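# Commentary on secondary and tertiary structure
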Amino acid sequence: MDENEDTPKDFIKLKSEKLSVDEVSELVVSPYCGAVSVFIGTTRNNFEGKKVIHLEYEAYTSMAETEIKKICRDVRQKWPSVKHIAVYHRLGVVSITEASVIIAVSSPHRAESLEAVTYCINTLKASVPIWKKEIYEDEYSWKENKECFWANSEK
Amino acid sequence: RLSFGRRRHREPAAERCPPGDGGSMRCQQVSVLYFARSAELAGLRCETLSVPRQITSLQLWEEIVKVHPRLAVIRDQVVFAVQQEYVLLGDQLLNLQPGDEVAIIPPISGG
């Protein structure tokens, strides 16, 4: 096999259509890798006793893609054996139990891809300009990630 | 569901930038982008503003609040992104170029 045909790739997409775990996992599969680790963020139906009807996401799209590229670059520095990385985030309305984000990473052995996926989602929550609005029955709320250093922790 | 208008800001440049005053008071047209709660408070998603080239990030915030006073309530919870780099509100001196993109960034909640 020609190693040059499997150069490491980053797959980054923000889109309003439903996300597919099969599609995102298949992007990172590689004959040189024995592990594909996947994180799926899904929509919960409740927050602090309130019923969540659905979520709505918006993004500063160009900057979000740039920040995700930085995360991929950092992953490759920390875990050089990582082969492919895919980060797909949904925008617009996301219904309960549907996926809002899917992150998939491949590596020859499982430790690196497991750690890299954790790093990706944690860093995405701290640095990527995407916003989530939780819609309840009578009101809505702009959420704030605890990882975001400019959010007030107490209201 | 809120709908946002697209309003081009037409504040006369002379009010902010006295004629004949070059250097740091020279004004630049920058694009200002509003997201999430800041877009709801400002009532729009983007506009062009004329601001001095040499300005601190806090002064830039104050210029924007003059145009959209309702934004004042979120002052302690926002940062800027200037040409897609995060900037805190404070003494940092910005060197804005014509057409630069400045975004108001409320606390993020991706993932």
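One structure accompanies this document, and this report is about it. None of these values were measured; they are calculated from a predicted model. (Residues numbered from 1 in each chain as written. Chains lettered and ligands numbered in written order. Predicted model: local features only at pLDDT ≥ 70, side-chain atom pairs only at ≥ 80, totals over all residues. Heavy atoms only, no water.)

Residue and element names in this part refer to chain A. Counting 28 residues, the largest nonpolar core has Ile71, Val75, Val82, Ile85, Ile103, Val105 and Val128 as the members making the most contacts within it. Of all the elements in the fold, those that place two or more residues in this core are strand E5 (54-59), helix H2 (61-78), strand E6 (85-90), strand E8 (99-107) and helix H3 (110-127). Examining the composition of this core, we find that 6 residues originate from one element, H3, more than from any other. When sequence neighbours within four positions are dropped, the list of residues in contact with Val82 reads Val75, Arg76, Val105, Ser106, Ser107, Glu112 and Ala116. (Core = buried A, V, L, I, M, F, W, Y, C linked by side-chain atoms within 4.5 Å. Buried < 20%, exposed > 50% of the residue type's maximum accessible area, 1.4 Å probe, protein only. Helix = DSSP H or I, 4+ residues; strand = E, 2+ residues; numbered from the N terminus. Contact = heavy atoms within 4.5 Å.)

Next up on the list: the pairing of E6 of chain A. All names here are of chain A. Counting buried positions along E6 yields 6 of 6 residues, so the element is predominantly enclosed. On E6, burial covers both faces: Ile85, Val87 and His89 on one face and Ala86, Tyr88 and Arg90 on the other are all buried. As judged from the 5 bridges shared by E6 and E8, these two strands associate in the antiparallel manner. Each residue of the ladder has a partner; that of Ile85, found in E8, is Val105. (Pairing = 2+ DSSP bridges.)

Facing 36 residues of chain A, the contacting portion of chain B comprises 26 residues. The junction of chain A with chain B conceals about 2,400 Å² of combined surface from both sides, 54% of it contributed by carbon and sulfur atoms. It is Tyr60, Trp131 and Trp150 of chain A in chain A that bury the most area against chain B; as a group they hold 33% of the surface buried on that side. Connecting chain A to chain B are 2 salt bridges. For Arg45 of chain B, the salt bridge is made with Glu58 of chain A, and the minimal N-O distance between the two is 3.1 Å. (Buried area = accessible area lost by both parts, 1.4 Å probe. Salt bridge = Lys/Arg side-chain N within 4 Å of Asp/Glu carboxyl O.)

Once that is clear, we can look at the environment of Asn145 of chain A. Mapped onto the elements of the fold, Asn145 of chain A is located in the segment after strand E10 (140-142). Setting aside chain neighbours within four positions, we find Asn145 of chain A in contact with Lys125 and Ala151 of chain A together with Ile108, Ser109 and Gly110 of chain B. At 3.1 Å, the side chain of Asn145 of chain A forms a polar contact with the backbone oxygen of Gly110 of chain B. (Polar contact = N/O pair within 3.5 Å; in protein donor to acceptor, adjacent residues only side chain to side chain.)

Two orientations exist for strands paired in a sheet by backbone hydrogen bonds: parallel and antiparallel. Residues and elements named next belong to chain A. One open sheet accounts for 4 strands, arranged E1-E6-E8-E2; its pairing is mixed. The open sheet has two edge strands, strand E1 (10-15) and strand E2 (35-42), and neither has a second partner. Strand after strand, the sheet turns through a mean of 5° between neighbouring axes, direction not considered. (Axes fitted to C-alpha atoms, helices over the stretch in contact; angles between N-to-C directions.)

Residues and elements named next belong to chain B. Looking at the secondary structure, you find Glu47 in strand E2 (residues 46-52). The spatial distance from the C-alpha of Glu47 to the C-alpha of Gln29 is 9.9 Å, given a sequence separation of 18 residues. Reaching out from Glu47, the side chain makes a polar contact with the side chain of His68 at a distance of 2.7 Å.

Residue and element names in this part refer to chain B. Across the sheet, which stays open at both edges, the 5 strands sit in the order E2-E1-E7-E4-E5 with mixed pairing between neighbours. Looking at which strands have only one partner, the edges of the open sheet turn out to be E2 and strand E5 (85-87). Ignoring which end each strand starts from, the neighbouring axes of this sheet average 35° apart. Sheet analysis places strand E4 (residues 79-82) next to strand E7 (residues 101-105), joined by 4 bridges and oriented antiparallel. Within E7, the position partnered with Val79 by the bridge is Ile105. Packing against the sheet, helix H3 (residues 57-67) makes contact with strand E1 (27-34), E2, E4, E5 and E7, and its axis sits at approximately 125° to E2.

Scanning the entire structure with this criterion turns up 6 aromatic pairs over all chains. Between Trp150 of chain A and Tyr86 of chain B, the aromatic rings sit 5.3 Å apart at their centres with planes inclined by 45°, giving tilted as the arrangement. Taken as a pair, Trp150 of chain A in the segment after E10 and Tyr86 of chain B in strand E5 lie in two separate chains rather than in one. With relative accessibility at 6%, the residue Trp150 of chain A sits in the buried group. Site record: aromatic cluster; members linked through ring pairs are Tyr60 and Trp131 of chain A together with Phe35 of chain B. Above the plane of the ring of Tyr136 of chain A lies Lys50 of chain A, whose end atom (NZ or CZ) is 4.5 Å from the centre. One cation-aromatic arrangement involves Lys143 of chain A over Phe47 of chain A; the distance from NZ or CZ to the ring centre is 3.0 Å. (Phe/Tyr/Trp six-rings, centres within 6.5 Å; stacked < 30°, edge-to-face > 60°. Lys NZ or Arg CZ within 6 Å of the ring centre and 35° of its normal.)

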